[in-house]
Amino acid sequence: MSTTTGGAAIGALTLRPLDPAEDAALLHGWVTHPKSAFWMMQEAKLIDVERSYTEIAADPHHDALLGLHDGVPAFLMERYDPAHRELVGLYEPEPGDVGMHFLVAPTDRPVHGFTKAVITAVMTELFADPATARVVVEPDVGNKAVHALNAAVGFVPEREIQKAEKKALLSFCTRAQFEKAVSA
């Protein structure tokens with residue numbers, strides 16, 4: 001998918017399945033970077049990252065995709081079934097709910113509008129599945145930047161929840177909310 005934002009071309013954003021063995025070193029650099037503090041893997045060793053993504057690859061309720069910008073790795077997307085992962089017991093899942101995480105690779109040369117283009121591409125991918133009715137996210141309550149990005153693509157916060165590892169802002173985005181937000 002080719003993406004533009006604010007009239008400026010961002011370039012092509014594509015996704016491919018993550019290969020835990022091949023991509024672990026790349027991901028290790030991303031998830032341990034100070035700008036990725038909310039990913040909560042700051043102290044992870046390379047083997048920890050490979051192990052985590054090997055577990056995700058084997059999980060029928062969770063998967064990870066590597067996002068490419070003009071063919072170069074630039075972001076990570078995870079989708080999960082919130083009835084089985086992450087949010088079990090913290091809310092009542094509805095049919096068609098899909099959980100999502102995304103991480104943009106840290107860079108010293110940020111491109112204006114890139115992160116919004118990435119979350120838009122991630123949401124487009126999720127809603128490409130006709131079974132997806134609503135996307136669920138649970139970012140850290142302190143992650144104000146991601147709250148603004150989520151709002152920009154149609155997410156509506158419901159409430160704060162306490163997860164084992166963080167206080168999170170449970171938010172939802174229906175297909176209609178996403179389409180309205182990105183067409184505005």
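Shown above is the structure to which this text applies.
Since this is a predicted model, take the numbers as computed values, not measurements.

### Comments concerning the overall build of the protein
Right, so step 1: Looking only at helices and strands, the protein has five helices and eight strands in total.
Right, so step 2: In sequence order, the protein lays out its α and β elements as β-β-α-α-β-β-β-α-β-α-β-β-α.
Right, so step 3: By the compact-globule yardstick of 16 Å for 184 residues, the protein fits well, its C-alpha radius of gyration being 16 Å.
Right, so step 4: Along the three orthogonal principal directions, the C-alpha set of the protein runs to about 45 × 35 × 30 Å.
Right, so step 5: Scored against the burial criterion, the 184 residues of the protein give a buried share of 44%.
Right, so step 6: For the protein, long-range pairs separated by at least 24 residues make up 60% of all intrachain contacts whose partners lie at least 6 apart in sequence.
Right, so step 7: Averaging the coordinates of the 16 positive side-chain charges in the protein and doing the same for the 25 negative ones gives two points 6 Å apart.

### Description of the pairing of strand E5 (residues 97-104)
Right, so step 1: Where burial is concerned, most of E5 is hidden: eight out of the eight residues are buried.
Right, so step 2: By the alternation rule, side chains of E5 split into Asp 97, Gly 99, His 101 and Leu 103 and Val 98, Met 100, Phe 102 and Val 104, which are all buried.
Right, so step 3: With six bridges connecting them, strand E4 (residues 72-80) and E5 associate as antiparallel partners. Opposite Phe 75, over in E5, you have Val 104 as the bridge partner.

### Re unusual backbone geometry
Right, so step 1: Backbone geometry places Asp 70, a non-glycine residue, at a positive phi of 50°.
Right, so step 2: If you trace the backbone, Asp 70 turns up in the loop between strand E3 (62-69) and E4.
Right, so step 3: Although it is not a glycine, Glu 86 adopts a positive phi angle of roughly 65°.
Right, so step 4: Looking at the element boundaries, Glu 86 is found in the loop between E4 and E5.
Right, so step 5: Taking relative accessible area as the criterion, Glu 86 reaches 31% and is therefore assigned partly exposed.

### Some remarks on the pairing of E3
Right, so step 1: Judged by how many residues are buried, E3 sits mostly within the fold: six of eight residues are covered.
Right, so step 2: Where E3 meets E4, eight bridges bridge the pair, whose relative direction is antiparallel. Paired with Leu 66 across the strands is Leu 76, a residue of E4.
Right, so step 3: In this antiparallel pair of consecutive strands, E3 and E4, the connection spans two residues, and Asp 70 shows a positive phi of 50°.

Reading guide: rules and limits
- Residues numbered from 1 in each chain as written.
- Predicted model: local features only at pLDDT ≥ 70, side-chain atom pairs only at ≥ 80, totals over all residues.
- Heavy atoms only, no water.
- Helix = DSSP H or I, 4+ residues; strand = E, 2+ residues; numbered from the N terminus.
- Rg over C-alpha atoms; globule rule 2.2 N^0.38 Å.
- Buried < 20%, exposed > 50% of the residue type's maximum accessible area, 1.4 Å probe, protein only.
- Contact = heavy atoms within 4.5 Å.
- Lys, Arg positive; Asp, Glu negative; His and termini not counted.
- Charge placed at Lys NZ, Arg CZ, Asp CG, Glu CD.
- Pairing = 2+ DSSP bridges.

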